[in-house]
Amino acid sequence: MKYEEEYLKTGGVFCPFCKSPDIEGRAVDIVGSEAVQEVSCVRCNAAWRDTYKLHAVDTLDEPSK
Ligand SMILES: [Zn+2]
């Protein structure tokens, strides 16, 4: 299995290269309907980028009349 598939299947909680759970995410950068976050592994020093896509919206406050 390609490391990307396994990483996505497990929810991105382990380093995709050495499988360590000791990973650190930097600030989330939102661009349009996508968000990207640089993540690195404390154990093996690999770095990658997680990409999130907007998938839902919930109403918190109805518009005032
Ligand atoms: Zn690693």
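Everything discussed here concerns the structure shown above.
Residues numbered from 1 in each chain as written. Predicted model: local features only at pLDDT ≥ 70, side-chain atom pairs only at ≥ 80, totals over all residues. Heavy atoms only, no water.

1. Thoughts on the pairing of strand 2 (residues 34-41)
Right, so step 1: Sheet topology note: the strand 1 (residues 23-31)/strand 2 ladder contains seven bridges and is antiparallel. Among the inter-strand pairings, I23 is bridged to a residue of strand 2, identified as C41.
Right, so step 2: Count of turn residues in the strand 1/strand 2 antiparallel hairpin: two residues, of which G32 carries a positive phi of about 60°.
Right, so step 3: In this structure, strand 2 lies alongside strand 3 (residues 47-53), joined through seven bridges in antiparallel fashion. From the neighbouring strand, E34 faces strand 3, where its bridge partner is K53.
Right, so step 4: Count of turn residues in the strand 2/strand 3 antiparallel hairpin: five residues, of which N45 carries a positive phi of about 65°. (Pairing = 2+ DSSP bridges. Helix = DSSP H or I, 4+ residues; strand = E, 2+ residues; numbered from the N terminus.)

2. Description of unusual backbone geometry
Right, so step 1: Even without glycine at this site, K19 takes up a positive phi of about 70°.
Right, so step 2: Its location among the elements puts K19 in the loop between helix 1 (3-9) and strand 1.
Right, so step 3: For K19, a relative accessible area of 40% corresponds to the partly exposed category.
Right, so step 4: At N45, a position not held by glycine, the phi torsion is positive, near 65°. (Buried < 20%, exposed > 50% of the residue type's maximum accessible area, 1.4 Å probe, protein only.)

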